[in-house]
Amino acid sequence: MKKLLTGNEAIARGAYEAGVKYASAYPGTPSTEILENLALYKDEILAEWGPNEKVALEAVFGASMAGARSIASMKHVGVNVAADPLFTISYTGINGGMVLISADEPGQHSSQNEQDNRNYAKAAKIPMLEPADSQEAKDMVKAAFDLSEAYDTPVMVRMTTRVCHSKGIVKCGERTEVGFKEYTRNMPKYVTVPAYARKNRVKVEERMKKLLDFSNQSEWNRLEWNDTKVGVIASGGCYTYAKEVFGDSVSYLKLGFTNPLPEEKIKEFGSKVEKIYVIEENDPYIEEKVKMLGFNCLGKDLFPAYGEMLPEVIRKAVFGQANPTIEFDQSKIISRPPSFCAGCPHRGFFYEISKRKNVMISGDIGCYSLGCSEPYNAMDQNICMGSSISVGHGAQQMFSMKENNKMRVVSVIGDSTFFHTGINSLLGVTYNGSNSINVILDNRITGMTGHQQNPGSGYTLQGKETVEIDIEALVKVCGVKNVRVINPNDLKAVNDALDWAMSLDESSVIITRWPCVLKKLTKQDKLEFENVFKTKCVVNPDKCVGCRSCIKPGCPAISFDKNKKRASIDPNSCVGCEVCLQVCPVKAIGKVEASLK
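Residues numbered from 1 in each chain as written. Predicted model: local features only at pLDDT ≥ 70, side-chain atom pairs only at ≥ 80, totals over all residues. Heavy atoms only, no water.

Participant: Even after reading the chapter, I still don't get the packing of aromatic side chains, so can you show me in this structure?
Facilitator: Centre distance and the angle of the planes are the two values used to describe a pair of aromatic rings. Scanning the model with the defined rule gives 15 aromatic pairs in all. Geometrically, the ring pair formed by Phe246 and Phe319 is tilted, given 6.0 Å between the ring centres and 55° between the ring planes. Residue Phe246 is found in helix H10 (residues 236-246), and its partner Phe319 is found in helix H13 (residues 311-319); the two are separated by 73 residues along the sequence. A relative accessible area of 8% places Phe246 in the buried class. A relative accessible area of 52% places Phe319 in the exposed class. A connected cluster of aromatic rings, assembled from ring pairs, spans Phe246, Tyr277, Phe303 and Phe319. Geometry around Phe180 places Lys21 over its ring, the cationic atom sitting 5.1 Å from the centre. The ring of Tyr239 carries the charged tip of Lys254 above its face, separated from the ring centre by 5.7 Å. (Phe/Tyr/Trp six-rings, centres within 6.5 Å; stacked < 30°, edge-to-face > 60°. Helix = DSSP H or I, 4+ residues; strand = E, 2+ residues; numbered from the N terminus. Buried < 20%, exposed > 50% of the residue type's maximum accessible area, 1.4 Å probe, protein only. Lys NZ or Arg CZ within 6 Å of the ring centre and 35° of its normal.)

Shown next as structure tokens:
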């Protein structure tokens, strides 16, 4: 049976065929669809969103200990969060096969950095596979589970954006029911007190020596001989990019098993070609090994040190020019930066706080990161998931030490991100007595990555009703005495809450609660939020004076006709949040009934 699958779909299919019983992840582009597709196999696989990547990986390790084949998936920065257990699981080894998917993002399409997670496999001393296409993604995941159990180790499969999201024909097989391996209590193996861990450290080195032999013999590392004047060494998507540029005019060392790298095959290849190009994205991971083995090669001194190594990039680096294309006037391209959706519940908050003076806004990772852009310019930092509250705490503590200080810190975080690692940060605020203002933007879903469930949504990944974590109650348990819940579309309520919080000399939390406009509403949503999406806003052209006040909140549903000097609202985009209605000074905007969402 053959199917057209993305790399992410193929990963899920490979895990299914390999007999996986448990999967966990935290959503993040470009990895999100892996777990979403695994969740479709409800009868065979229990798939769960973890509150963060560390929790997900630890749960997968627990499933492995219990004897089940298990898999975790996450984007590259998620491995930073999961690194703590990962490095120690390398020491303990596994029971049932255990695989970690790291989805890297060269080019930073939707990420705060483009780190190269091949370095994690090297540092943690675990084997790594790198698929070049969807077929390899499926096949390598299956091979990874066999490898995991054969060498008693977690295995990393490193994907990149193009491999994750590109489609290819995949030959699919049937599921192999592996069954549970017997669990046997083994303290020296799994309890990592120093007396045991030091012995396991020795085993890790022994394992890496055996894996080096495996790498040199592995089918995933292959020599492709053509003209030997030029040889290309590449792995993953870079191999397919190189093939598109050079075709069969050069020889290739195609690497698929990349930690440890196959030293003997590199030596054989390097001794038979006259010139070597090492084509890889981000860090000179392969290049450094080639040079250590004594071969001159052209790598990062020729190719860019960052960004995607797409065919046109390779052509320009090697041949000095890319393929000809259609020429056009670049100045006529209209810049369209990302913006909040029409009716986004974050708009009212950022519109109001952007007008405040002597405020530092500590941001986080999510849709609300767009608060940094026009017309709000309302964010001063966002470094990683869950950081807003702890960064804001440190800044507020120092501002409070300054004489005549007037600065207040407002930390902004989304509901899913709060569950991810914001809870720990809030504990730091209350424990250490900060007076920072913390705003939890609760839009009832994990919005940025495609509306995945989270601990506050009331549903699991596979659609089962579950306990809905009450953020207000949780915040109070964390020690916050001052808590307010508001509708962020009510601009007066936003300002009143900010005034209230700034009047306090102790920590506070404001919860802005309104569903994402793109969310599929549950019955509970419709009961809980009065008039949600039941009306739309319209401009009365006879009353509009052309002041453009309604444009200032930045809603894409509103446009202004320069000739008529009148504003208008697109009825197909408007969801009736009423922010524009509140900012219009002449009451030219009204409401009309709308069909239920």
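Still more ground to cover, so stick around.
Participant: When you look at the pairing of strand E2 (residues 22-25) in this model, what are you seeing that I'm missing?
Facilitator: The two faces of a sheet get side chains in turn, since along a regular strand they alternate between them. Of the two faces of E2, the one lined by Tyr22 and Ser24 and the one lined by Ala23 and Ala25 are each fully buried. Inspection of the sheet shows E2 paired to strand E3 (residues 46-49) by four bridges, in the parallel sense. Counterpart to Tyr22 in the pairing with E3 is Leu46. You can see the chain leave E2, run along helix H2 (residues 32-38) and come back into E3, and the turn it takes is right-handed. (Pairing = 2+ DSSP bridges. Right-handed = clockwise from strand over helix to strand, strands pointing away.)

Participant: It is not clear to me how helix H1 (residues 7-17) should be interpreted in this structure. Could you clarify?
Facilitator: An α-helical turn contains 3.6 residues, so any two residues separated by three or four positions project in the same direction. Within H1, 10 of the 11 residues are buried, which leaves it mostly tucked inside the rest of the structure. Turning to H1, its buried residues are Gly7, Asn8, Ala10, Ile11, Ala12, Arg13, Gly14, Ala15, Tyr16 and Glu17. The positive-phi residue at the C-terminal boundary of H1 is Gly19, with phi of around 85°.

Participant: Before we go on, may I ask you to explain the pattern of salt bridges in this structure?
Facilitator: As a working rule, side chains carrying opposite charge can pair if their charged atoms are close by. Evaluation of the coordinates by the stated rule reveals 37 salt bridges. The closest approach of N and O atoms between Arg158 and Asp104, which form a salt bridge, is 2.9 Å. With Arg158 in strand E7 (residues 155-160) and Asp104 in strand E5 (residues 98-104), this residue pair connects regions lying 54 residues apart in the sequence. One salt bridge in this structure joins Glu205 and Lys125, with 3.3 Å as the shortest N-O distance. Residue Glu205 is located in helix H9 (residues 194-217), and its partner Lys125 is located in the loop between helix H5 (118-124) and strand E6 (128-129); the two are separated by 80 residues in the primary sequence. For Lys125, a relative accessible area of 25% translates into the label partly exposed. Salt bridges here are not isolated pairs; linked through shared partners, they connect Asp104, Asp116, Arg118, Glu130, Arg158 and Glu280. (Salt bridge = Lys/Arg side-chain N within 4 Å of Asp/Glu carboxyl O.)

Participant: Would you take a moment to explain unusual backbone geometry for this structure?
Facilitator: A cis amide bond links Thr29 to the next residue, Pro30, at an omega of 10°. Tracing the backbone shows Pro30 in the loop between E2 and H2. Positive phi outside glycine occurs at Lys125, with the angle close to 60°. Even without a glycine there, the phi angle at Asn404 is positive, about 55°. Along the chain, the position of Asn404 falls in the loop between helix H15 (387-401) and strand E15 (408-414).

Participant: Can you help me understand a nonpolar patch on the surface in this one?
Facilitator: A contiguous nonpolar patch, built from Met187, Val191 and Val193 and spanning about 210 Å² of accessible area, is present on the exposed surface. Checked against the element boundaries, Val191 lands in the loop between helix H8 (187-190) and H9. (Patch = residues over 30% accessible without salt bridge, like charges linked within 9 Å, V, L, I, M, F, W, Y side chains within 5 Å. Areas by Shrake-Rupley, 256 points an atom, 1.4 Å probe, with all protein chains shown as cover.)

Participant: For this particular structure, what's the right way to read the sheet that holds strand E12 (residues 257-259)?
Facilitator: Whenever strands of a sheet pair, they do so through backbone hydrogen bonds, lying parallel or antiparallel. Pairing is mixed across the open sheet formed by seven strands, whose spatial order is E3-E2-E4-E5-E7-E6-E12. For this open sheet the edge positions go to E3 and E12, each flanked by a neighbour on one side alone. Strand direction decides the pairing type here: E2 and strand E4 (residues 70-75), joined by four bridges, are parallel. Residue Ser24 lies in a different strand from E4, and its bridge partner there is Ala72.

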